[in-house]
Every structure is written in structure tokens, then in C-alpha cells.
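Geometric and topological summary
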Amino acid sequence: MTAAQADLQAEFLEMPEGLRIDRPEVADGAALWRIAKDSRTLDLNSSYSYLLWCRDFAGTSVVARDKEAMPVGFITGYVRPEQPGTLLVWQVAVDAAYRGRGLAAALLDGLTARVAHDRGLETVETTITPGNTASERLFTSYAARHGASVEREVLFDTAHFPDGPHDSEVLYRIGPLTFRPADGASRSGHQAD
């Protein structure tokens, strides 16, 4: 971890004792797949997709590691190509043994701080199925901590899904976000020209 990453970690999140935040690596793909599978709430993607995610989207994703450096939680995300100031959070999962300790919130704060520092960030988006109260609490409390508003709208309704019954996916748009400027970044999160 670089000094700048350590400063970001210390400033933006408090990890539960013994855990640390890190970028995912390809070798973490299998563990992320297992954590997602064991959650029993996430749509499970192929193991191949988690490997690709750890390779191609490591800069916009994050893992929590235990004392043995094994992943015990993760967030996958990407910057929207048509909206480079928007991070879409794809999946959030925490191993059952580590739930209830604020790990998901710490990961979300750490990830968004890193993305803001590296690329600029104005908005966080995610989709949540109705009734997923844990995710609703995670993202509404994130908005409150960052003084941002939350807009909700159905992004994909049940009829959009070709593979059987699926709850609608409600888009949560959180913003505008402001972070303390890093070298060369403005208050809005955009990189200075």
C-alpha cells in the first residue's frame, strides 16, 4: 500500500479490526465467486466473470482481506463509459462470518474515496431489488454520510429479464458527491485541465 492509499484508508474508512482493504487480483476471483454464491441473495455470475472482474475492473472494485490475506468481502464496480463521473456498484458481498461489523460500509467508503482520488467521482449508482433492506440501508446511509441525495427509479422491470421470474431492479442514483481535492483535482471531483 502506498502512502497515498494509506492516507485515503485512514481518512475515509474504519475497517473492522484485523481486516484491510485492497484491490482485487485475479487470484481472488474464486473467493469472490464463493462469497457471492454463499450470500444466497446475489445473482451469481459465472466464475469466469469474477476472474475477469478482478483483472479488468480492479481499479473500480475492492476486497476486504483477513489476517491471512484471504478475501472476506468485496465490492465490484465500474465507471460508466458514457458518464465518466459515475461509478456503478455492481455487487456487494460480505462473508457470513464478517457480517454485522460495518464492513460493507467501510468498503463502499474506501472504494468511492479511491475512485474519486484516481478519476474523479460525482455520482454512485447501484440497483437494488425491492425488499433488499440491507442494501437499501447501506446505500441510503452512504448518501447521508456524504451529504448527497438519493434518486430512485425502476431501471429494469420484471419483463426485461429473459430467464424466468426476476424482481425489478431499482436504480439508486446518489449524488452529487464531493471529496477533498487530491493533487490536480477540483471540488467537483473532476480532474483539473
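Summary of the structure given here. Every value quoted in this text rests on a predicted model; they were computed, and no experiment measured them.

As for the sheet that holds strand 4 (residues 83–94)
Either a parallel or an antiparallel arrangement is found when strands of a sheet pair, and the pairing is made through backbone hydrogen bonds. The sheet built from 7 strands is open, its strands ordered 1-2-3-4-5-7-6 with mixed pairing. Single-partner strands in this sheet number two, and they are strand 1 (20–22) and strand 6 (149–156). Strand-to-strand twist across the sheet, computed as the mean angle between neighbouring axes with direction ignored, equals 25°. Where strand 2 (residues 62–65) lies against strand 3 (residues 71–80), 4 bridges are found, and the strand directions are antiparallel. Directly across from V63, in strand 3, lies its bridge partner F74. Along the sheet, helix 3 (residues 47–56) makes contact with strand 3 and strand 4, crossing strand 3 at roughly 70°. The strands that helix 4 (residues 103–119) touches are strand 1, strand 2, strand 3, strand 4 and strand 5 (123–128); relative to strand 3, the one it contacts most, it runs at about 40°.

Overview of the nonpolar core
L103, L121, V124, F139, I174 and L177 are the most contacted members of the largest nonpolar core, which has 32 residues in total. Elements represented by at least two residues in this core include exactly strand 2, strand 3, strand 4, helix 4, strand 5, helix 5 (133–145) and strand 7 (169–175). Per element, the largest residue contribution to this core is 8 residues, and it comes from helix 4. I35, A36, C54 and A93 belong to the second-largest nonpolar core, a separate cluster that totals 8 residues.

Re unusual backbone geometry
Cis geometry marks the peptide bond from G175 to P176; its omega dihedral reads -5°. With respect to the secondary-structure elements, P176 resides in the segment after strand 7. With a phi close to 60°, R40 is a non-glycine residue in the positive phi region. Unusually for a residue other than glycine, A69 sits at a positive phi of about 70°. Of note, A69 is situated in the loop between strand 2 and strand 3. The exposure class assigned to A69 is partly exposed, which follows from its relative accessible area of 32%.

Details of the packing of helix 4 against helix 5
Here helix 4 crosses helix 5 at 50°, and the two axes come no closer than 10 Å. With respect to helix 5, the element helix 4 is oriented oblique. In this structure, the crossing between helix 4 and helix 5 has a hand that is right-handed. Counted together, A104, A105, L108, D109 and T112 of helix 4 and L138, F139, Y142 and R145 of helix 5 form the full contact between these two elements. Residues of the contact of helix 4 with helix 5, tallied by class, amount to 6 nonpolar, 1 polar and 2 charged.

Things to note about the pattern of salt bridges
For the structure on display, the rule yields 11 salt bridges. The shortest N-O distance in the salt bridge between R65 and D22 comes to 2.7 Å. With R65 in strand 2 and D22 in strand 1, this pair connects stretches of sequence that are 43 residues apart. In this structure R65 comes out as buried when scored by relative accessible area, which is 4%.

Definitions and cut-offs
Residues numbered from 1 in each chain as written. Predicted model: local features only at pLDDT ≥ 70, side-chain atom pairs only at ≥ 80, totals over all residues. Heavy atoms only, no water. Pairing = 2+ DSSP bridges. Helix = DSSP H or I, 4+ residues; strand = E, 2+ residues; numbered from the N terminus. Axes fitted to C-alpha atoms, helices over the stretch in contact; angles between N-to-C directions. Contact = heavy atoms within 4.5 Å. Core = buried A, V, L, I, M, F, W, Y, C linked by side-chain atoms within 4.5 Å. Buried < 20%, exposed > 50% of the residue type's maximum accessible area, 1.4 Å probe, protein only. Parallel < 35°, antiparallel > 145°, perpendicular 65-115°, else oblique. Left-handed = near helix turned anticlockwise from the far one by under 90°. Nonpolar A, V, L, I, M, F, W, Y, C, P; charged D, E, K, R; others polar. Salt bridge = Lys/Arg side-chain N within 4 Å of Asp/Glu carboxyl O.

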